Amino acid sequence: KWEEIIEHLKVEHDLSNVSFNTWIRPLKVYDIIDDTVIILVNSNSSVEYIEKKYLLPLKVCIADITGEEYEIRFLSEDDNVLEELKSNPSESTVKKRTKSAAEKAGLNPKYTFDTFVVGGNNNFAHAASLAVAESPGEVYNPLFLYGGVGLGKTHLMHSIAHFILDKNPKKKVLYVTSETFTNELIEALKMGKTSGNESAISKFRDKYRNNDVLLIDDIQFIIGKESTQEEFFHTFNHLHTSGKQIIISSDKPPKDIETLEARLRTRFEWGLIADISAPNYETRMAILQKKIELDQLEKYNIPKDVLKYIAENVKTNIRELEGSLNKLIALYKLNHEGEIDIPLAAEALKDIISSDNKREVTPELILDIVADHFGITVADLKSNKRNADIAFPRQIAMFLIRTMTESSLKAVGIILGGKDHSTVKYGIEKIASEEKKDETLNNTINIIRKKINPA
Ligand code: ADP
Ligand code: MG
């Protein structure tokens, strides 16, 4: 394939033989790790130059030829990173890239039973999830998992899906959020209406009914909309009567989800309801240890008292617990001759502790939630990147900050990393007007608003 890729590059970019032979021909694929192709640059040429000139074209050519997107990392042949890679055989085995069933199902590879720490707060939910994973459709149907934000519901759901697919990759497993379910339904109905294209809705039904296992995450966001609940009701009945497994998560038990129709609520109570609560101190410590092991952070030798300090102070949200550890490492790396100690941990926890107690709607909170919702980082939102999967969430963040806090246009621009007045104004107006016309955007924004302000 590599030959094919570089030939393609040569043709597409009309490279002269001399350029091609000097820069491209000597490149060697050293390894493929996850989504990154590691390319060795011969020690006579400059990594910087090749990066600058050929990184993007190569990325495009790789995608053209393989049909998949990869990141590229260039390494010089005499780079010491190579040694590190070599000494870490689990990473440097060349993996063949065929998409696994789990990848196709959109599952996070890190969310498995192996990486899930069991404690008193979640052992019941964990046992129920494992039982369902071992015998889908046979034990508890539906399985309803509930608990507060960041306590591991999504992690458990992905674990179930991975487990089932690992045992039998042919099983049809579909994991979606209720937002995806709703937005896809809205689109299918719209297609049916505007172009008389009835097959859109039958396609939608095929997708959701033709499954052995359907997992719907965050059902509390199936809000208000009758047509969505109606469709979900039929999806549920269809799967349930044919003995297919349904797994649902929510922030509250069915009886407390006010916007949920009674007939759905009762169905959710047919199977097993399991809650996840906040972890105790020992479990929090165990989760930190597990994360250190999984992310290979042992090399930082984080002192025990620093870990204790984090576990003592971040109590109600495991995502924040993990976030504190990441922040600590990031601060340490920035802070060249510093040490990892309690003052540094206190610094890392500054924003987090405050949000643990009383949650005020601040621009920072909105940035966090928008970034998390779209699976990007706050740094992306503040950056100048212009690809749509970042620029669009950025405009939504501008809109929400402007409408949900007292921030002026100027303040919004500053919060978003220094955007000028006209950019901010344009972004906000664009979302405001599109939200009125576009039902799926409206649904998404309502969900994000609820995440910001759960009340
Ligand atoms: P929820 O869906 O309930 O909001 P998530 O499943 O997204 O929460 O969990 C938030 C983060 O915390 C994830 O990174 C997840 O891997 C981690 N996490 C949650 N519970 C555990 C656990 N018991 N063991 C290890 N990691 C956990
Ligand atoms: Mg979740």
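Residues numbered from 1 in each chain as written. Chains lettered and ligands numbered in written order. Predicted model: local features only at pLDDT ≥ 70, side-chain atom pairs only at ≥ 80, totals over all residues. Heavy atoms only, no water.

1. As for the UniProt feature "domain: Chromosomal replication initiator DnaA C-terminal" (unreviewed entry) in the protein
Phase 1 of the analysis: The feature "domain: Chromosomal replication initiator DnaA C-terminal" (unreviewed entry), as annotated in UniProt, sits at residues 362-431 in this numbering.
Phase 2 of the analysis: What you have in residues 362-431 is 74% helix and 0% strand, and the ends, taken at the C-alpha atoms, are 20 Å apart. (UniProt positions renumbered as here; feature names shortened; annotations may be inferred. Helix = DSSP H or I, 4+ residues; strand = E, 2+ residues; numbered from the N terminus.)

2. A word on the sheet that holds strand β1 (residues 28-33)
Phase 1 of the analysis: Pairing in this open sheet of 3 strands is mixed, and the strands run β1-β2-β3 from one edge to the other. Lying at the two open borders of the sheet, with one neighbouring strand each, are β1 and β3 (71-76). Across the sheet, the axes of successive neighbouring strands diverge by a mean angle of 25 degrees, strand direction being ignored.
Phase 2 of the analysis: Where strand β2 (residues 36-41) and β3 come together, 6 bridges link them in parallel fashion. Residue pairing for β3: Val-37 is matched across the bridge by Ile-72.
Phase 3 of the analysis: Sheet strands touched by helix α3 (residues 47-66): β2 and β3. Its angle to β3, the strand with the most contacts, is close to 150 degrees. (Pairing = 2+ DSSP bridges. Axes fitted to C-alpha atoms, helices over the stretch in contact; angles between N-to-C directions. Contact = heavy atoms within 4.5 Å.)

3. So, the site of ligand 1
Phase 1 of the analysis: Around ligand 1 sit 16 residues, and of these Gly-150, Thr-154, His-155, Arg-319 and Glu-322 come closest.
Phase 2 of the analysis: One of the side-chain nitrogen or oxygen atoms of Arg-319 is found 2.7 Å away from an oxygen atom of ligand 1.
Phase 3 of the analysis: Glu-322 is positioned such that a nitrogen or oxygen atom in its side chain is 2.7 Å from an oxygen atom of ligand 1.
Phase 4 of the analysis: Burial of ligand 1 by the protein amounts to 93% of the accessible area it has alone, namely 550 Å².
Phase 5 of the analysis: Of all the secondary-structure elements, those providing two or more residues to the shell around ligand 1 are α8 (153-167) and α15 (318-334). (Near = heavy atom within 4 Å. Polar contact = N/O pair within 3.5 Å; in protein donor to acceptor, adjacent residues only side chain to side chain. Areas by Shrake-Rupley, 256 points an atom, 1.4 Å probe, with all protein chains shown as cover.)

4. A few points about the packing of helix α9 (residues 178-195) against helix α22 (residues 439-452)
Phase 1 of the analysis: Close contact between α9 and α22 brings their axes to 9 Å; oriented N to C, the two are set at 160 degrees. If you check the angle between α9 and α22, you find them roughly antiparallel. Pair α9 / α22 crosses with right-handed handedness. Residue-level inspection shows Glu-179, Thr-182, Asn-183, Ile-186 and Glu-187 of α9 in contact with α22, the latter providing Glu-439, Thr-440, Asn-443, Thr-444 and Ile-447. (Parallel < 35°, antiparallel > 145°, perpendicular 65-115°, else oblique. Left-handed = near helix turned anticlockwise from the far one by under 90°.)

5. Observations regarding the packing of α9 against helix α10 (residues 199-209)
Phase 1 of the analysis: At a minimum axis distance of 7 Å, the contact between α9 and α10 shows a crossing angle of 155 degrees. Between α9 and α10, the angle falls in the class roughly antiparallel. Side by side, α9 and α10 meet where Thr-180, Phe-181, Glu-184, Leu-185, Ala-188, Leu-189 and Met-191 of the first sit next to Ala-200, Ile-201, Phe-204, Lys-207 and Tyr-208 of the second.
Phase 2 of the analysis: In terms of residue class, the contact of α9 with α10 is built from 9 nonpolar, 1 polar and 2 charged. (Nonpolar A, V, L, I, M, F, W, Y, C, P; charged D, E, K, R; others polar.)

6. As for unusual backbone geometry
Phase 1 of the analysis: Here Asn-141 and Pro-142 are connected by a cis peptide whose omega angle stands at 0 degrees.
Phase 2 of the analysis: Despite not being glycine, Asp-14 has its phi angle at roughly 50 degrees, a positive value.
Phase 3 of the analysis: Position of Asp-14 relative to the elements: it lies in the loop between α1 (2-12) and α2 (17-24).
Phase 4 of the analysis: The exposure class assigned to Asp-14 is exposed, which follows from its relative accessible area of 67%.
Phase 5 of the analysis: Look at Gln-296: it is not a glycine, yet its phi comes out positive at around 55 degrees. (Buried < 20%, exposed > 50% of the residue type's maximum accessible area, 1.4 Å probe, protein only.)

7. Quick look at the nonpolar core
Phase 1 of the analysis: Counting 51 residues, the largest nonpolar core has Ile-160, Leu-215, Ile-302, Ile-310, Leu-325 and Leu-328 as its most contacted members.
Phase 2 of the analysis: Those residues within four positions of Leu-328 in sequence are excluded, and the remaining contacts are Ile-302, Val-306, Ile-310, Ile-340, Leu-344, Ala-345 and Ala-348.
Phase 3 of the analysis: Within the second largest apolar cluster, 26 residues are counted, among which are Ala-371, Ala-397, Ile-415 and Ile-428. (Core = buried A, V, L, I, M, F, W, Y, C linked by side-chain atoms within 4.5 Å.)

8. Structural notes on the pattern of salt bridges
Phase 1 of the analysis: Applying the stated criterion across every chain yields a total of 17 salt bridges.
Phase 2 of the analysis: Where Glu-231 meets Arg-209, a salt bridge forms, and the shortest distance between an N and an O atom there is 3.2 Å. Taken together, the positions of Glu-231 in helix α11 (residues 226-241) and Arg-209 in helix α10 put the pair 22 residues apart, joining distant regions of the chain.
Phase 3 of the analysis: Look at Arg-209 and you get partly exposed, because its relative accessible area is 21%.
Phase 4 of the analysis: Measuring nitrogen to oxygen at the nearest pair gives 2.8 Å for the salt bridge that ties Arg-263 to Glu-261.
Phase 5 of the analysis: When salt bridges with common partners are traced through the structure, they connect Arg-205, Arg-209 and Glu-231 into a single cluster. (Salt bridge = Lys/Arg side-chain N within 4 Å of Asp/Glu carboxyl O.)

9. Brief notes about the side chain of His-373
Phase 1 of the analysis: Within the fold, His-373 resides in helix α17 (residues 363-374).
Phase 2 of the analysis: Ignoring sequence-local partners within four residues, the contact set of His-373 consists of Glu-179, Thr-444, Ile-447, Ile-448 and Lys-451.

10. Notes on the sheet that holds strand β7 (residues 245-250)
Phase 1 of the analysis: Spatially, β5-β6-β7-β4-β8 is the arrangement adopted by the 5 strands of the open sheet, whose pairing is parallel. Bordering the open sheet on either side are β5 (173-177) and β8 (272-276), each of which pairs with just one other strand. Strand-to-strand twist of the sheet, defined as the mean angle between neighbouring strand axes without regard to direction, takes the value 15 degrees.
Phase 2 of the analysis: Bridge count between strand β4 (residues 143-147) and β7: 4 bridges; the pairing is parallel. Bridge pairing in β7 places Leu-145 opposite Ser-249.

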